[in-house]
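The residues making up each chain are set out below.
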Amino acid sequence: MDSSSPFLYVGCQVGAERALKAEVQQEWSEFRPAFSKPGFVTFKAPPQLRGIAELDLRSAFARCSGESLGSVQGEGPEGLAERFWQQVGDQKFQQLHVWCSARPANFKGGTDADEHDPLLSVVAALQQKCPAGLSPGETSKLAGTPDESSTPPVAASGHPFGINAVAQTGQGVLSCIIVDRTRWWIGFHKAGSLPSRWPGGVYPVRLPEHAVSRAYAKMAEALAWSRMPVVSGDLCAELGCAPGGSCQLLLERRLRVLGIDPAEMDPGVLRLPGFRHIRKRGREVKKREFREVRWLLADSNVAPTHTLDTVQDIVTHRDANIRGLLLTLKLTTWGHATSLPEFLARIRSWGYRYVKARQLAHGGQEVCVFALRRQGLLRLGGQARRKGLQQR
Ligand SMILES: C[S@@+](CC[C@H](N)C(=O)[O-])C[C@H]1O[C@@H](n2cnc3c(N)ncnc32)[C@H](O)[C@@H]1O
């Protein structure tokens, strides 16, 4: 039996490395941090550990993870690509995800690609140096919604694989992680949860021209990750809604939105049907305004305890009937990261039994928390969506 220690790689937001290490060590005390660069950390795992490629780290700061197959070093993409394939050897996989550790992994493929994007030359070199037994597919063209297909090659002359496409559950995913110009890391994982299917754990969405703020993409990612079971016509309230990107997205998904923010909204969002703005701070709003609200969202740029105090006042009020929460907790200092377990426990104490947290790729120095009163709602929401009640 092989007694050598496997290594785990983890991708995270640049700046979150320390919070990630602390969180992983809290849950997995036998893991030892090894290599660390902005947005990328490896851990030495205990020798007997099996199934590292499928491990669910249960970490809010891990964007993606898997088994590290080591790294290759050299000058120029061609030489690195050659070494990459040598090191991959006979590892079986169906998808290749190529991403940079120090920036979002959204691959700019297709006609609107930025010719200076370093990923383009890396992908080209990997395609060119690909061993004869493998057939790289077309690179996925990033559209407004994730490409669910695995982009098989046009005329497969060997084992086909997709490049930077959303993997299907159960597929083997090889990652080429560009840590810097002269070093690529190699990872392998089995696609399971939705984020583990996205290249680099980044929800593949491009901010549309009409979006009034980046929160549009963040909300798209939050809804995809959380699978919040909203159905058309549900009333959501967002604390901290200005200028209105997330409200825009929610309204496009045919939800009704009560936006609460002392700041001005974008006039275009104000005109959208189904939207109402209360120009106040969250705490100043009368509780009766929340009577019909089923989903409470928060994106206020205040300390996490401030957001939690405001939300607590609303959800514990006798007239409230709020099924689920989608809260941005701004980590105004990285020190707040260590309090995350307490924040989640506090949310559970309000009767929200199903609580999970993730640092979204389209968010900033913050954590998104999703909380649901009854987990069964996720299943019901899925059924409702399948019946076409909600536009995705
Ligand atoms: C990051 S921005 C929100 C972006 C917004 N979600 C969007 O989609 O464009 C933070 C907002 O929180 C608002 N804010 C700060 N404190 C607040 C409070 N106590 N209640 C409501 N909004 C608050 C600010 O006025 C600011 O507009």
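Residues numbered from 1 in each chain as written. Predicted model: local features only at pLDDT ≥ 70, side-chain atom pairs only at ≥ 80, totals over all residues. Heavy atoms only, no water.

*Asks:* Any details on the overall build of the protein? Residues and values, ideally.
*Replies:* Within the protein, the secondary structure is distributed over 10 helices and 16 strands. Considering the protein as a whole, with its 392 residues, one finds that 54% of them fall into the buried category. Taking all contacts inside the protein whose residues are at least 6 apart in sequence as the whole, residues at least 24 apart take part in 66%. (Helix = DSSP H or I, 4+ residues; strand = E, 2+ residues; numbered from the N terminus. Buried < 20%, exposed > 50% of the residue type's maximum accessible area, 1.4 Å probe, protein only. Contact = heavy atoms within 4.5 Å.)

*Asks:* Kindly report on the site of the ligand, identifying the contributing residues and their values.
*Replies:* Around the ligand sit 22 residues in total, of which Ser213, Ser246, Asp261, Gly282 and Asp299 are the nearest. Between the ligand and Ser213 there is a distance of 2.7 Å, counted from an oxygen atom to a side-chain nitrogen or oxygen. Within the backbone of Gly245, a nitrogen or oxygen atom sits 3.1 Å from an oxygen atom of the ligand. The fraction of the free accessible surface of the ligand (600 Å²) that becomes covered by protein chains is 83%. (Near = heavy atom within 4 Å. Polar contact = N/O pair within 3.5 Å; in protein donor to acceptor, adjacent residues only side chain to side chain. Areas by Shrake-Rupley, 256 points an atom, 1.4 Å probe, with all protein chains shown as cover.)

*Asks:* Summarise the packing of helix H2 (residues 77-88) against helix H3 (residues 118-128); cite the residues concerned and give the values.
*Replies:* For the pair H2 and H3, the least separation of the axes is 8 Å and the interaxial angle reads 50°. It follows from the interaxial angle that H2 and H3 lie oblique. Note on packing geometry: the crossing formed by H2 with H3 is right-handed. Only Ser121, Ala125, Leu126 and Gln128 of H3 make contact with H2, whose side of the interface consists of Pro77, Glu78, Ala81, Phe84 and Trp85. Class assignment of the residues belonging to the contact of H2 with H3 gives a composition of 6 nonpolar, 2 polar and 1 charged. (Axes fitted to C-alpha atoms, helices over the stretch in contact; angles between N-to-C directions. Parallel < 35°, antiparallel > 145°, perpendicular 65-115°, else oblique. Left-handed = near helix turned anticlockwise from the far one by under 90°. Nonpolar A, V, L, I, M, F, W, Y, C, P; charged D, E, K, R; others polar.)

*Asks:* Could you give an account of the environment of Ala22, naming the residues involved and the relevant values?
*Replies:* Of note, Ala22 is situated in helix H1 (residues 17-27). In the structure, Ala22 is positioned 39 residues away from Phe61 in sequence and 10.0 Å away in space, judged by C-alpha atoms.

*Asks:* So what's going on with the confidence of the model for the protein? Residues and values would help.
*Replies:* Model confidence for the protein is summarised by a mean pLDDT of 89, while 86% of its residues fall at 70 or above. Here residues 105-113 is a poorly scored stretch, pLDDT under 50, and it has 27 contacts once near neighbours within four places are set aside; other chains count. Across residues 142-156 the pLDDT falls below 50, and counting only partners more than four positions away or on other chains, this stretch makes 43 contacts in the model. (pLDDT = per-residue confidence, 0-100.)

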